[in-house]
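Coordinate analysis (summary)
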Amino acid sequence: MADSSVLGWILCSAFTLVALCGVVSKIRKRKGISVTRTESLNSVLTSHGECGSTDGSHHADVIIVGAGVAGSALAYTLGKDGRRVHVIERDLSEPDRIVGELLQPGGYLKLLELGLEDCVEEIDAQQVFGYALFKDGKHTRLSYPLEKFHSDVSGRSFHNGRFIQRMREKSASLHNVHLEQGTVTSLLEEKGMIRGVQYKTKDGCELTAFAPLTIVCDGCFSNLRRSLCNPKVDVPSYFVGLVLENCHLPYSNHGHVILADPSPILFYPISSTEVRCLVDVPGPRVPSIANGEMANYLKTIVAPQVPPEIYDSFVAAVDKGNIRTMPNRSMPAAPLPTPGALLMGDAFNMRHPLTGGGMTVALSDIVVLRNLLRPISDLHDAPILCKYLESFYTLRKPVASTINTLAGALYKVFCASPDQARKEMRQACFDYLSLGGVFSTGPISLLSGLNPRPMSLVLHFFAVAIYGVGRLLLPFPSPKRIWIGARLISGASGIIFPIIKAEGVRQMFFPATVPAYYRAPPLVEERI
């Protein structure tokens, strides 16, 4: 009798265990998580440097790939809204770059809106109040129209790495933001949806991480963008970067643009004692730094064209030898909407850095995305969320397309050319901006991100062209001058219309006619 009682107890326990496992399995399936997936998701490094597991309490709502300007700002923004954010950055040491150092006033306003304005404090950032434009010994000052704003609102220039480290520190200060150093090697796709990422930690451990939404912000050299967009990257030129020490610019707290031959030269302060110089070198290659070809080019071709006040500091910086180069990339936004994933920052959209608009576009995009995601408590229905977020691509257009188009158009106009019509357009642009009043405040408000209106951009651009034609035809037109004027208008059209076409005419000028513009937040059922 005792044996049969023991046997009955064992069988009863076994049946109970099987039933319990079945219930747990059903609950997990209802949550859309398999046992295998949960174990993969929880894979982390143990204290001994081996792959181990923890409980599922640290699951992320959003994975962000990259912690540059866009990734760090986005992590803080989503974390502040209560999302659990996992940020994976290839290198968490302070970056050392020669671009991403000038934030336009429109970008600073976005920093204020995101609560990140203190990130430009304690890094010796300099206020920027406008630009000075130089051509053939003449110069004009273009001030930002800041009269209606608080005195703190202006442009900011700084060391890019210091700014990024401040934003990383601020995002990591939130308890629900986990910042980790690792290299994301691939996106994890399942049935056409992105479920997370595979990455390698700094200790060499291969891990996977899962989240309902993965946002790729891994910069201009992104190796993940090809599955999320149709990238058409153009490299029209290179920037050659120098740092001038203890240099006094002709106009303090202003960016300086020299319309040189063959292309523009930029100067702007990045600290209280340093001035950044960026020399644009058009074409697919730059002179060699190693064999001294670059130093010779800078001294013989570039130096004679810089303002006299800067000449000695410029030559001293060349002699010091810390010369850096970086390709100037442009890439129109051409997204492939993919459930579970989104592209942002330079991984998604780039423009020529002449106008310093990249960070302004990125921060503006973050504000748009934050406002779209705020009404949604649950991000797990990837197809519905993807459909809803198609409105992001339309809502971002006023700011992004204005800055992108202006950057591309201005670069082409500011470059020297042997063509007489292009020469006239370049001179007309300088003279138009020198007129002052609405002729300078209009274009500079577009460049600064304070007036992101594509139609206003097109009107000013063709006003410059018509102004150039008028200068040619007055006081007495001649057949040659009429012909140059016609080619000037044709050339202006050839500059701006291809850029507008790449940006999307309908989204740029008539966003209200795009169905996605009116998408309402999806009604997501409460998850068990």
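Residues numbered from 1 in each chain as written. Predicted model: local features only at pLDDT ≥ 70, side-chain atom pairs only at ≥ 80, totals over all residues. Heavy atoms only, no water.

In spatial order, the strands read β8-β7-β15-β16-β17-β14-β18; together these 7 strands make up an open sheet with mixed pairing. The two strands at the open ends of the sheet, each matched to only one other strand, are β8 (138–143) and β18 (324–330). The sheet shows a mean angle of 20° between the axes of neighbouring strands, direction not considered. Across 3 bridges, the pairing between strand β15 (residues 255–258) and strand β16 (residues 265–269) is antiparallel. Pairing of His256 across the sheet is with Phe267, part of β16. (Pairing = 2+ DSSP bridges. Helix = DSSP H or I, 4+ residues; strand = E, 2+ residues; numbered from the N terminus. Axes fitted to C-alpha atoms, helices over the stretch in contact; angles between N-to-C directions.)

Of the two faces of β15, the one lined by Gly255 and Val257 and the one lined by His256 and Ile258 are each fully buried. Between β15 and β16, which follow one another and run antiparallel, lie 6 residues. (Buried < 20%, exposed > 50% of the residue type's maximum accessible area, 1.4 Å probe, protein only.)

As a further point, take the UniProt feature "transmembrane region" (unreviewed entry) in the protein chain. Within the UniProt annotation, "transmembrane region" (unreviewed entry) is assigned to residues 6–24, 457–476 and 482–500. The straight-line gap between the two end C-alpha atoms of residues 457–476 is 30 Å; of that span, 85% is helix and 0% is strand. The annotated region residues 482–500 carries 100% helix and 0% strand content, and the separation between its end C-alpha atoms amounts to 27 Å. (UniProt positions renumbered as here; feature names shortened; annotations may be inferred.)

Here the focus is the nonpolar core. Leu74, Phe163, Val197, Ile215, Leu369, Phe414 and Phe461 are the most contacted members of the largest nonpolar core, which totals 124 residues. Every residue in contact with Leu369, bar those within four places of it in the chain, is listed here: Leu74, Ile215, Leu342, Met344, Leu389 and Phe392. Ranked by size, the runner-up nonpolar core spans 30 residues in total, among them Ile258, Val286, Leu298 and Ile310. (Core = buried A, V, L, I, M, F, W, Y, C linked by side-chain atoms within 4.5 Å. Contact = heavy atoms within 4.5 Å.)

With that out of the way, let us pick up the packing of helix α10 (residues 397–414) against helix α13 (residues 454–473). Across the interface, α10 lies against α13 with an axial gap of 9 Å and an inter-helix angle of 20°. On the basis of their axis angle, the class for α10 and α13 is roughly parallel. In terms of crossing hand, the pair formed by α10 and α13 is right-handed. Counting all contacts with α10, which are made through Pro398, Ser401, Thr402, Thr405, Leu406, Ala409 and Val413, the residues of α13 involved are Pro454, Leu457 and Phe461. Grouping the constituent residues of the contact of α10 with α13 by class yields 7 nonpolar, 3 polar and no charged. (Parallel < 35°, antiparallel > 145°, perpendicular 65-115°, else oblique. Left-handed = near helix turned anticlockwise from the far one by under 90°. Nonpolar A, V, L, I, M, F, W, Y, C, P; charged D, E, K, R; others polar.)

On the secondary structure map, His256 appears in strand β15. Residue classification places His256 among the buried positions, given a relative accessible area of 1%. Apart from residues no more than four positions distant in its own chain, His256 is found in contact with Ala132, Phe134, Leu249, Pro250, Tyr251, Ile265, Leu266 and Phe267.

In this section: the sheet that holds strand β19 (residues 341–343). Pairing in this open sheet of 7 strands is mixed, and the strands run β12-β11-β10-β4-β3-β13-β19 from one edge to the other. The sheet terminates laterally at β12 (206–210) and β19, the two strands that pair on one side only. Shown here is a sheet whose adjacent strand axes are inclined to one another by a mean of 35°, direction ignored. Here 5 bridges tie strand β4 (residues 85–89) to strand β10 (residues 177–190), and the two strands are oriented parallel to one another. Looking across to β10, one finds that Val87 is bridged to Leu179.

This next bit is on the pattern of salt bridges. Within this structure, the stated rule accounts for 20 salt bridges. For Lys200, the salt bridge identified is with Glu206, shortest N-O distance 3.7 Å. Owing to a relative accessible area of 36%, Lys200 belongs among the partly exposed residues under this scheme. In this structure, Arg351 engages Asp346 in a salt bridge whose closest nitrogen and oxygen atoms are separated by 3.8 Å. Judged by its relative accessible area of 7%, Arg351 is buried. It is possible to trace a salt-bridge network through shared partners that takes in Lys110, Glu113 and Arg370. (Salt bridge = Lys/Arg side-chain N within 4 Å of Asp/Glu carboxyl O.)

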